Amino acid sequence: MTGETVSAPQQQGAPKGLLQQMEELMAALNADLSQLDSDLKESSGGAPLPAAGEG
């Protein structure tokens, strides 16, 4: 590789700016992760999960 970045196809006339799209995606991701964290805590009885590589 020469260190070049592959750019995603650009949308012409996109209604939102890239920053707005990224903010919305990050907010959705954060909500999903919060829900996953809550689900995992419920299923494990609230015990902390072991870190990767331990055990």
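Our structure's up above, just so we're on the same page.
On a predicted model such as this, the values are computed, not experimentally measured, just so you know. (Residues numbered from 1 in each chain as written. Predicted model: local features only at pLDDT ≥ 70, side-chain atom pairs only at ≥ 80, totals over all residues. Heavy atoms only, no water.)

**Q** How should I be thinking about the overall build of the protein chain in this particular structure?
**A** On a plain count of helices and strands, the protein chain comes out with 1 helix and 0 strands. Per-residue burial over the protein chain gives 0% buried out of 55 residues. A total of about 5,300 Å² of accessible surface is found on the protein chain, and carbon and sulfur atoms cover 58% of it. (Helix = DSSP H or I, 4+ residues; strand = E, 2+ residues; numbered from the N terminus. Buried < 20%, exposed > 50% of the residue type's maximum accessible area, 1.4 Å probe, protein only. Areas by Shrake-Rupley, 256 points an atom, 1.4 Å probe, with all protein chains shown as cover.)

**Q** Looking at this model, I keep getting lost on the pattern of salt bridges. Mind explaining?
**A** Pairing between side chains of opposite charge can happen when the charged atoms of each approach one another. Scanning the model with the defined rule gives 1 salt bridge in all. Across the pair lysine 41 and aspartate 37 runs a salt bridge, and its minimum N-O distance is 3.3 Å. Remark: aspartate 37 and lysine 41 occur in helix α1 (residues 18-43); sequence separation between them is 4 residues, near one turn of the helix. Exposure remark for aspartate 37: the relative accessible area of 37% places this residue in the partly exposed category. (Salt bridge = Lys/Arg side-chain N within 4 Å of Asp/Glu carboxyl O.)

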